[in-house]
Amino acid sequence: MATPQPEELEPEGTEGFKVGEKKTIHEYQKLDENDASLRKWKQSLGLGTGTPISDPSDPRKVILISLGLEVDGRSDIIIDLTQKGALDSLAKKPFTIKEGATFRMKAKFRVQHEILSGMKYVQVGSYSPNTTDKPEYEKKFEPETAPSGMLGRGHYEAISRFVDDDKHDYLMFKWSFDIKKDWKE
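The structure presented is a predicted model; accordingly, all values stated were derived computationally and were not measured. (Residues numbered from 1 in each chain as written. Predicted model: local features only at pLDDT ≥ 70, side-chain atom pairs only at ≥ 80, totals over all residues. Heavy atoms only, no water.)

**Remarks on the overall build of the chain**
Where we set the bar: A run of DSSP states H or I qualifies as a helix once it reaches four residues; a run of E qualifies as a strand once it reaches two. Both are numbered from the N-terminal end. With a 1.4 Å probe rolled over the protein chains alone, any residue whose accessible area is under 20% of its type maximum counts as buried; one over 50% counts as exposed, and the rest are partly exposed. In what follows, a contact means two residues having at least one pair of non-hydrogen atoms within 4.5 Å. A 1.4 Å probe and the Shrake-Rupley method give the accessible areas. Residues count as covered only by the protein chains that appear here.
The secondary structure content of the chain amounts to three helices and ten strands. For the chain, the sequential pattern of α-helices and β-strands runs α-α-β-β-α-β-β-β-β-β-β-β-β. Counting only residues that meet the buried cut, the chain has 37% of its 185 residues in that class. Expressed as a percentage of contacts within the chain between residues at least 6 apart in sequence, the contacts between residues at least 24 apart total 68%. Element-wise, carbon and sulfur atoms account for 49% of the exposed surface of the chain, whose accessible area totals about 11800 Å².

Here it is in structure tokens:
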């Protein structure tokens with residue numbers, strides 16, 4: 001596998017977009033209380049619902065819980081990132097995808113302490129800290145179709161990265177998968 005160039009791992013930017021100033025959860029809750037559209041935005045993030053479940057002794061802003069692969073008609077493949085060595089196994093133990101199969105990647109994560117703005121793995125979105133009403137988030141990505149035919153079969157390696165608008169990395173890891181003629185090959 002060729003080593004990716006640093007710019008290949010950078011998230012795409014939007015020309016003219018500037019990241020807004022940081023605010024605390026309390027500041028967001030009080031912000032323009034009479035503005036209906038802002039109130040809807042805050043509700044969509046889950047601000048003001050449930051009891052916060054952030055761990056004050058854990059400084060992480062984002063806790064990635066699991067990565068998964070969904071294929072219709074098959075059990076999901078779930079990688080529990082809370083287990084020691086899980087990231088190492090992603091690179092060393094490829095999972096199999098049948099050629100031509102339609103699949104979707106998903107990530108389950110928790111947000112703590114402050115609003116997470118523009119988290120990207122492609123584009124994940126903005127999220128408020130988790131509460132008892134919403135203890136974790138799950139982002140399902142757009143379905144993809146595995147290559148098919150003799151030329152599409154083989155071993156693939158990738159590097160994935162979760163980063164936010166402030167260019168703060170939450171997770172970067174290598175992983176691999178095999179495209180095979182059948183699921184059990």
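**Some words on the nonpolar core**
Here is the rule we go by: To qualify as a nonpolar core, a set must consist of buried Ala, Val, Leu, Ile, Met, Phe, Trp, Tyr and Cys residues joined through side-chain atoms within 4.5 Å.
Membership of the largest hydrophobic core comes to 33 residues, with the highest contact counts inside it found for L64, I97, F109, F162 and W175. Those elements giving two or more residues to this core turn out to be β1 (62–71), α3 (86–92), β3 (95–98), β4 (102–111), β5 (116–119), β9 (154–163) and β10 (169–180). Ranked by residue count, the leading element in this core is β10, at six residues. Among all residues touching W175, those that are not within four sequence positions of it are L90, A91, F95, M105, Y121, Y156, E157, A158, I159 and S160.

**Remarks on the packing of aromatic side chains**
To be explicit about the condition: For Phe, Tyr and Trp, where Trp contributes only its six-membered ring, two rings pair if their centres lie within 6.5 Å, and the inter-plane angle classes them as stacked under 30 degrees, edge-to-face over 60, or tilted in between. For a lysine, the NZ atom is tested; for an arginine, the CZ atom; a charge sits over a ring if that atom is within 6 Å of the ring centre and within 35 degrees of the ring normal.
Using the criterion set out here, one finds five aromatic pairs in the structure. Both rings, one in F95 and one in W175, keep their centres 5.9 Å apart while their planes meet at 10°; by these two values the pair is stacked. Residue F95 is located in strand β3, and its partner W175 is located in strand β10; the two are separated by 80 residues in the primary sequence. The exposure classification of F95 matches that of W175, with both residues buried. Put simply, the rings of F95, Y156, W175 and F177 touch in pairs and so form one group of aromatic residues. Sitting above the plane of the W183 ring, R74 keeps its charged end 4.0 Å from the centroid.

**Considerations on helix α2 (residues 36–45)**
Stated precisely, the cut-off is as follows: The arc in question is the one spanned by the directions pointing from the helix axis to the C-beta atoms.
Regarding α2, the residues found buried are L38, K42 and L45. In a view along the axis of α2, the buried residues occupy a sector of 55°, so they form one face of it. Turned more than 90 degrees away from the buried face of α2, the exposed residues are S37, K40, Q43 and S44. G46, located one to two residues past α2, shows a positive phi value of around 90°.

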